[in-house]
Amino acid sequence: MPANSITAGYLASYGHAESLPPDCHSPWSHVLIVPVCGEDSDCLQKLTQAVESDRYLVIVCINRPQKHLLSRHWQQQNKDLIAQLCHQADHCKPLTSGWFLSFQNYDVWLLDYNDQPFDASHGVGLARKIAADSALQLIADDVISSHWIHSTDADVILPSDYFEVAYDRNFVAYSLPFRHISEDKDLHDWQNLYDFKLKYYQQAMRYIGSVYNYIPLGSCLIIQADDYAKVRGFPIRSGGEDFYLLNKLAKLRRIAQPDNPVIEIKSRLSQRVPFGTGPGLLKIKASNEPARFYHPQIFVEIKAWFQQLNDYYESRQLPSHADINQFWNTQEVIQKALQQTKSPERWQQFVLEWFDAFKMLKTVHALESKWPRQTLSELREMDLFNEITEQLVVTK
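What counts, and at which threshold
Residues numbered from 1 in each chain as written. Predicted model: local features only at pLDDT ≥ 70, side-chain atom pairs only at ≥ 80, totals over all residues. Heavy atoms only, no water. Helix = DSSP H or I, 4+ residues; strand = E, 2+ residues; numbered from the N terminus. Rg over C-alpha atoms; globule rule 2.2 N^0.38 Å. Buried < 20%, exposed > 50% of the residue type's maximum accessible area, 1.4 Å probe, protein only. Contact = heavy atoms within 4.5 Å. Polar contact = N/O pair within 3.5 Å; in protein donor to acceptor, adjacent residues only side chain to side chain. Pairing = 2+ DSSP bridges. Axes fitted to C-alpha atoms, helices over the stretch in contact; angles between N-to-C directions. Core = buried A, V, L, I, M, F, W, Y, C linked by side-chain atoms within 4.5 Å. Arc of directions from axis to C-beta. Phe/Tyr/Trp six-rings, centres within 6.5 Å; stacked < 30°, edge-to-face > 60°. Lys NZ or Arg CZ within 6 Å of the ring centre and 35° of its normal. Salt bridge = Lys/Arg side-chain N within 4 Å of Asp/Glu carboxyl O. Disulfide = S-S within 2.5 Å. Expected span 1.5 Å × (residues − 1).

(A) Representation of the overall build of the chain within the structure. Looking only at helices and strands, the chain has 16 helices and 14 strands in total. Relative to its length of 396 residues, the chain is compact, with a C-alpha radius of gyration of 22 Å against a globular reference of 21 Å. Looking at the chain as a whole, 53% of its 396 residues are labelled buried. A fraction of 77% describes how many contacts in the chain between residues 6 or more apart in sequence connect residues 24 or more apart.

Right, here's the structure in full:
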């Protein structure tokens, strides 16, 4: 089946897909994308060792950022990884853009940008986009039977049934559950604090009633190919590309959050991206103060305001939170929206699209001046916290 017009238009106008020669094509069942920067030479072996599947394709984008203190070090690590993969492969074919490698159960299309370092502001977003766009092109060309783009990272151990979870095309994407693993006690404790931060915020979004109630991790994403094209793919950013992609996808349809399979992610301190898990752990490690988290009253106030905004089309009552209204100029936003909104259903869609994950997070930060962050011990004493999180396990 030829690529549909949306996918073809995206790839032609906005895509960064590389071309895989036809003589490398195989009837792959699935495709997996992995950005790689300064990883251990056995990372792919550990990533895929438990996966049970018909033959599949792994698209690896080797990259490093310009002008980073560790860029030269990562360049050498990337060279070592490429050499090791070529040595281990059953078959190794050089390509204009990298290498094509065959292993027992899967093939690897290795896109090599090691000698073409990315702009520091593009980073992992560009690497993930190149790999995902290349996967999209192969799906559009009917080279891959599944219409899902699987995204993960090189510090992951995938479960055996990884490729079996995404099948329901009523969902725009899947955000899979995860568990961080480490044998280092200090790292384990720091990771628990960071994971609690993520899960607490997720629970708060569910309490508010937001559809943006997932944890955006690029290592745990599965995206429907056609919808990936509709939102023009991963944004080219040095970090947060998973957050912004899911923010766009959630405006199309629901994002599935199954209980299984669980993705295992190795805890580690990392400077590969400017923010996210690795830098978050470094920040916790460096701090001499107890970790602090959002005050639960912030979510109570947003919940009330958000419900009033949803009800506005019927009630015609401006949401009552003066600070949030001033921050977003709510009255003007509503008046402009009403000019194009002619039904309650369309109003609900407007609210979903306008008050998205980005605006939600900005609103949380805006209310922090009134409701400062709390320590875990302080949160545990708050009935409101327990109500919002529904007995979320709190790190001891």
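From this point, things continue past the structure.
(B) Molecular detail of the side chain of Asn213. Structurally, Asn213 can be placed in the loop between helix 5 (185-208) and strand 10 (221-224). Its relative accessible area of 16% is what places Asn213 among the buried residues. Within the structure, the side chain of Asn213 is placed 3.5 Å from the backbone oxygen of Ser210, a separation counted as a polar contact. There is a polar contact of 2.8 Å between the side chain of Asn213 and the side chain of Gln257. Beyond its immediate sequence surroundings of up to four residues, Asn213 is in contact with Gln202, Met205, Arg206 and Gln257.

(C) Here's a closer look at the sheet that holds strand 6 (residues 148-151). In spatial order, the strands read 3-4-5-2-1-6-10-8-11; together these nine strands make up an open sheet with mixed pairing. Lying at the two open borders of the sheet, with one neighbouring strand each, are strand 3 (91-95) and strand 11 (255-256). Running over the sheet, helix 4 (residues 123-140) touches strand 1 (31-36), strand 2 (56-62), strand 5 (106-112) and strand 6 and is turned about 160 degrees from strand 1.

(D) Broad picture of the nonpolar core. Core analysis: the largest hydrophobic core is formed by 46 residues, its most contacted members being Leu57, Ile59, Trp109, Leu138, Ile149 and Tyr228. Taken together, the elements giving at least two residues each to this core come down to helix 1 (5-13), strand 1, strand 2, strand 5, helix 4, strand 10, helix 6 (225-230) and helix 7 (241-249). Considering each element in turn, this core owes the most residues, nine residues, to helix 4. The residues touching Ile59, leaving out its near neighbours within four places in the chain, are Val31, Leu32, Ile33, Val34, Trp109, Leu111, Ala131, Ser134, Ala135 and Leu138. One finds Leu47, Val108, Ala166 and Ile222 within the second-largest nonpolar core, a separate group that totals 44 residues.

(E) Quick peek at the sheet that holds strand 9 (residues 178-181). An order of 7-12-9 is seen for the three strands of this open sheet, with the pairing classed as mixed. In the strand order of this sheet, the two ends are held by strand 7 (156-157) and strand 9, each with one partner. Across two bridges, the pairing between strand 7 and strand 12 (residues 263-266) is antiparallel. By the bridge assignment, Val156 is partnered in strand 12 with Ile265.

(F) Here's a closer look at helix 14 (residues 357-366). The complete set of buried residues in helix 14 reads Ala357, Lys359, Met360, Thr363 and Val364. Summarising the axial view, the buried residues of helix 14 lie within an arc of 165 degrees, below the 170-degree limit, and thus occupy one face. Those residues of helix 14 that are buried are in contact with helix 5, helix 7, helix 9 (296-310), helix 11 (322-328) and helix 13 (344-354). The backbone nitrogen of Phe358 lies 3.3 Å from a side-chain oxygen of the residue at the head of helix 14, namely Asp356.

(G) Representation of the pairing of strand 12 in the model. Of the two faces of strand 12, only the one carrying Ile263 and Ile265 is buried; Glu264 and Lys266 on the other face are not. In the sheet, strand 9 pairs with strand 12 via four bridges, with the strands oriented parallel. Bridge pairing links Ile181 to Lys266 in strand 12.

(H) Up close: the packing of aromatic side chains. This structure, assessed with the given rule, holds 29 aromatic pairs. Taking the ring centre of Phe178 as reference, the NZ or CZ of Lys199 above it sits at 5.6 Å. Over the ring of Tyr313 we find Arg316, and its NZ or CZ is 4.9 Å from the ring centre.

(I) Broad picture of the pattern of salt bridges. For the coordinates displayed, the defined rule picks out 18 salt bridges. Across the salt bridge formed by Lys93 and Asp23, the nearest N and O atoms sit 2.5 Å from each other. Taken together, the residues Lys93 in strand 3 and Asp23 in the loop between helix 1 and strand 1 connect sequence positions 70 residues apart. Residue classification places Lys93 among the partly exposed residues on the basis of a relative accessible area of 23%. The class of Asp23 is exposed, set by a relative accessible area of 58%. Of the charged contacts in the structure, one is a salt bridge between Lys251 and Asp356, with a shortest N-O distance of 2.9 Å. Taken as a pair, Lys251 in the loop between helix 7 and strand 11 and Asp356 in the loop between helix 13 and helix 14 lie far apart in primary sequence, 105 residues in all. With a relative accessible area of 24%, Lys251 lands in the partly exposed category.

(J) A look at the state of the cysteines. Under the defined criterion, the tally for this structure stands at zero disulfides. Of all cysteine sulfurs in the structure, the one in Cys61 sits closest to Cys37, which takes part in no disulfide; the separation is 10 Å. Exposure remark for Cys37: the relative accessible area of 8% places this residue in the buried category. We note that Cys86 lacks a disulfide partner, and the nearest cysteine sulfur, in Cys92, lies 3.2 Å from it.

(K) Focus on helix 5. Under the 1.5 Å per step criterion, the end-to-end length of helix 5 is 35 Å for 24 residues, consistent within 8% with the ideal 34 Å. Immediately downstream of helix 5, the backbone of Gly209 shows phi near 100 degrees, a positive value.

(L) Examining unusual backbone geometry more closely. A cis amide bond links Asn260 to the next residue, Pro261, at an omega of -5 degrees. Positionally, Pro261 belongs in the loop between strand 11 and strand 12. Located in the positive-phi region is Asp142, a residue other than glycine, with phi close to 65 degrees. For Asp142, the location among the structural elements is in the loop between helix 4 and strand 6. Judged by relative accessible area, which is 39%, Asp142 ranks as partly exposed.

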